[in-house]
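Fold and contact review
Listed below, chain by chain, are the residues.
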Amino acid sequence: MTLNELKEIKEAELAARKKTTIRCCMAAGCTSQGSGDLLKNLKAAVKEAGAEDQIEVRGVGCMRLCCQGPLAQADPEGPLYEKLEPSDAKAIVTAALDGSIAKLQTGDPTQPFFAKQFSVVLGNSGEIDPERIESYIAADGYMALRHALREMQPAEVVQEMMTSGLRGRGGGGYPTGLKWQTVSKARGDKKYIVCNADEGDPGAFMDRTVLESDPHAILEGMTLAAYAVGAEQGYIYVRAEYPLAIERLQKAIKQAKKAGLLGAQIMECPFNFSIDLRIGAGAFVCGEETALMASIEGKRGVPRPRPPFPAESGLWGCPTLINNVESFANVAPIIRNGAKWFADIGTEKSKGTKVFALAGKITNTGIVEVPMGTPLRQIVEEMGGGAPDGGTVKAVQTGGPSGGCIPADHLDTPVDYESLSALGSIMGSGGMIVMDETTNMVDVARFFMEFCRDESCGKCIPCRTGTVQMHHLLTKIIEKKATARDLELLEELCDMVKHTSLCGLGMTAPNPVLSTLRFFRNEYEELLQENPYAAPPVTTA
Amino acid sequence: MSVRTITIDDQHVSVEEGSSVLDAAKAAGITIPTLCHMDGVYDTGACRMCLVEVEGIPKLLPACSTIVAEGWVIHTQSERLKKYRRITLELLFAERNHVCAACVANGHCELQTMAYSQGMDHVRYDYCYPKWEMDLTHPLFGMDHNRCILCARCVRTCWHIEGAGTKNVAGRGGRAHIITDMNEDWGDSATCTWCGKCVQSCPTGALFQIGATAGEMTRDPGRLNDIITARRKKQWNV
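Residues numbered from 1 in each chain as written. Chains lettered and ligands numbered in written order. Predicted model: local features only at pLDDT ≥ 70, side-chain atom pairs only at ≥ 80, totals over all residues. Heavy atoms only, no water.

1. What about a negative patch on the surface?
Quick note on the threshold: Surface patches are drawn from residues lacking salt bridges whose relative accessible area is over 30%; two like charges belong together within 9 Å, two nonpolar side chains (Val, Leu, Ile, Met, Phe, Trp, Tyr) within 5 Å. In short, Shrake-Rupley with a 1.4 Å probe defines the accessible areas, and a residue's cover is counted only from the protein chains shown. In the sections that follow, a salt bridge refers to a side-chain nitrogen of Lys or Arg positioned within 4 Å of a carboxyl oxygen of Asp or Glu. Under this rule, positive means Lys or Arg and negative means Asp or Glu; His and the chain ends count for nothing. A charge is said to be at NZ when it belongs to Lys, at CZ for Arg, at CG for Asp and at CD for Glu. Helix and strand assignments follow DSSP, with helices taken as H or I runs no shorter than four residues and strands as E runs no shorter than two, numbered in order from the N terminus.
Taken together, the side chains of E5, E8, E11 and E268 of chain A present a region of like negative charge at the surface. When you line up the elements, E8 of chain A lands in helix α1 (residues 3-15).

2. Remarks on the sheet that holds strand β1 (residues 20-25) of chain A
Residues and elements named next belong to chain A. Let me state the cut-off plainly: Following DSSP output, two strands are said to pair if at least two bridges run between them.
The strand order across the open sheet formed by five strands is β2-β1-β3-β4-β5, and the pairing between neighbours is mixed. Across the chains shown, the open sheet's two edge strands, defined by having one partner strand only, are β2 (55-60) and β5 (106-107). Of the strand pairs in this sheet, β1 and β2 are connected by six bridges, and their pairing is parallel. Across the sheet, the residue bridging to C24 is G59, located in β2.

3. Concerning the domain arrangement of chain B
Residue and element names in this part refer to chain B. Stated formally: Just so you know, the domain bounds were taken from an automatic or database domain assignment. Contacts are assigned to residue pairs that have any heavy atoms within 4.5 Å of one another. Defined in terms of a 1.4 Å probe, buried area is the accessible area two parts forfeit on being brought together, summed over both. Any residue outside Ala, Val, Leu, Ile, Met, Phe, Trp, Tyr, Cys, Pro, Asp, Glu, Lys and Arg is labelled polar, Gly included; the first ten of those are nonpolar and the last four are charged.
Segmentation of chain B into domains returns domain 1 (3-77) and domain 2 (83-233). Distance from the C-alpha centre of domain 1 to the C-alpha centre of domain 2: 25 Å. Taken together, the contact between domain 1 and domain 2 spans 21 residues of the former and 21 residues of the latter. In this assembly, domain 1 packs against domain 2 so that about 1,600 Å² is buried in total across both faces, 65% of it on carbon and sulfur atoms. On the domain 1 side of the interface with domain 2, the three residues burying the most area are L35, M38 and M49, jointly 41% of the side's total. At the boundary of domain 1 with domain 2, the tally comes to zero salt bridges. Broken down by class, the residue content of the side of domain 1 that touches domain 2 amounts to 13 nonpolar, six polar and two charged.

4. Comments concerning the pairing of β1 of chain A
All names here are of chain A. Rules: Here's how the labels work: a residue is buried when its accessible area is under 20% of the maximum for its type, exposed when over 50%, partly exposed in between, all with a 1.4 Å probe on protein chains only.
Among the six residues of β1, six are classified as buried, and the element is accordingly described as predominantly covered. Relative to strand β3 (residues 72-75), β1 runs antiparallel, the two being bridged by four bridges. When the bridges of β3 are listed, R23 appears paired with Q73.

5. Quick notes on the nonpolar core
When a protein is soluble and globular, its nonpolar side chains tend to lie buried together. Applicable threshold: By nonpolar core is meant a set of buried Ala, Val, Leu, Ile, Met, Phe, Trp, Tyr and Cys residues that side-chain atoms within 4.5 Å join together.
In terms of nonpolar packing, the biggest core is built from 106 residues, with Y142, W180, I193 and I236 of chain A touching the most fellow members. Here this core gets 10 residues from one element, more than from any other, and that element is helix α11 (residues 215-229) of chain A. Every residue in contact with I193 of chain A, bar those within four places of it in the chain, is listed here: M222, A225, A226, V229, A231, Q233, G234, Y235, F273, L321 and F328 of chain A. If you look at the next biggest cluster of nonpolar residues, it comprises 47 residues, including M470 of chain A together with L111, V123 and C151 of chain B.

6. Quick notes on the packing of helix α19 (residues 461-478) of chain A against helix α2 (residues 79-95) of chain B
The test is simple: Note on geometry: axes are lines fitted to C-alpha atoms, helical ones only across the stretch in contact, with angles between N-to-C directions running from 0 to 180 degrees. Take the far helix as your reference; a near helix turned counterclockwise from it by less than a right angle gives a left-handed crossing, and one turned clockwise gives a right-handed crossing.
For the pair α19 of chain A and α2 of chain B, the least separation of the axes is 10 Å and the interaxial angle reads 65°. Relative to α2 of chain B, the crossing made by α19 of chain A is left-handed. Contacts between α19 of chain A and α2 of chain B involve I461, P462, R464, T465, G466 and Q469 of chain A on the former and, on the latter, T88, L91, L92, A94 and E95 of chain B. Of the residues contributing to the contact of α19 of chain A with α2 of chain B, the split by class is five nonpolar, four polar and two charged.

This is how it looks when you write it as structure tokens:
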């Protein structure tokens, strides 16, 4: 693929645009409610009306307001149609033809939920057809790769990533550029690139959204990384629970190979890179990088102690660069627009944007992307619309089972790595679960502890048996069978598991308990019982 | 060969480059408690008994699988570490059915010895009392999952000393357990060579010789290390 060919594809794609485009959401949330049939019916209705030269019907990635799906929107300036049935297709097409609004449930595309979003990662989500490479190229796709391969040295690409200030979006927040530099400097005949798409936190669906909406962006990001560090083989480790993402990735890899954007002599440069998919079999712990690599190697997916870090000794002992889906999705925009552009977004220490999946007791369930440093309140109350049915927000849980609960009176906290950890939570991968006043925080802690107990791999003792005992103690408290002594035991055990576990799963497993204890200790204490064996108080006559 | 000079529990020690903290401690005559470590097979850092503090590093590090760096100041016996070790042992005793008085390994058990040496005199957690089966299908050896602490020494021994690859770990979390081949009865195993090395490697009464009395259940895991060393040094006629 040459620059001219890229441009030709883009121009042909833009020239084929019609006066009106009806975009229909084809991400997992909407397809599970029948948007596949809706898309089919929309295409049929356009054909029936003989309006094929006026209207283009495009299946697109996530349109973000998942709770109102299936969604469709007629451009330009058409309303956002919500909760559609496949039978609504005809009305939408008719309205689009005469410029009116169909009598269906509509949403305001200028409401804060949309207006306050800032798209870097999700720029193409809901706009392009994720199943067609031409659609991605029309949105300047693969231009960053072309630019890097022809105009930049690998070291310059690494430097660009360092300057951008991007930090790992999987939750750790390690500077991405620094990781790239370590791998690029590591000695080894072979190096590997791994994309961690084993998103497993309960209530998190950001990476799934990116994979389903813009798979080529991940391929381009990984290829750029491969060029920067000198790798020839990449793996995307994606969980089997994401069949649509797998299907779209497979399609995208096939298209990219055919177009000479993957494989040998990419863009006619002396640079080879292939990507293969590895499908996870359902273990949460395989999202931990050393367990993930063991799984790719065909071994039992259990973590091993670090160091050595994957950057020195990863897959089959070779230097390996592991980044999360969202991190890779940031790469092409950074190279395309420059590191400075990216570094101007966000806060001093947390650059760029962050994608969050809003779930739980919140009016607007869905996907939002906001600049780092946005106050939690803006995300939860303004964009998310607060708790539904007149309820009040009690707490927000970030970071999944490794994170913590942030109480409502801390909602003015800006979302960045440091502020969230100061509150005993973490940025995490971006799951945000909102709780209202009907939620008991001890229940929440037990829910996450149950998750960690079931997902512990069983290798190290603190995590394997500590989570069992912590869950047991929490159950005792909830069943009003526990005394103050049990709470003491629980706190001691939290401290021990946190500091002695082998991997991140165990080290962070006590976090939901610790953070709810910190802010909602009264809810624990209310459930405690008097110790029936306690010595009677000493009374002086 | 270059040398690393470190301080362990206020003692200055010089060790070869590439030595683990555990090796360095041994050289200094300091005992760090271990359960999953066994000389002769690679370390997994799983039991967390050997965690030590290194000044300037916030995380606790497993002595068995941490390579020393120049100038490290290491503490192996702080009150905090001792407390964590006791809790680890308490958790193990509460996890399965470790009833010493009725165990074939009574008196020859590393877990029992460890509990004594670390001062773990009672368990504050509720016992789980799981119902685990025994595998008594093999003519020579038996496996009692109730006594297993999942150190996986038998698995590593079977794969890396005997090279048979019979033993493995299956299941997750509290349901993790040692299996034979593809989760078959030990007696039906086509790969087991009946060498008994796994029994030698077991720190508890989980693996045992059928018919042996508790008094005969002495083990010699050092023997396994000797085999590996002899192979490496080609000492065939010793």
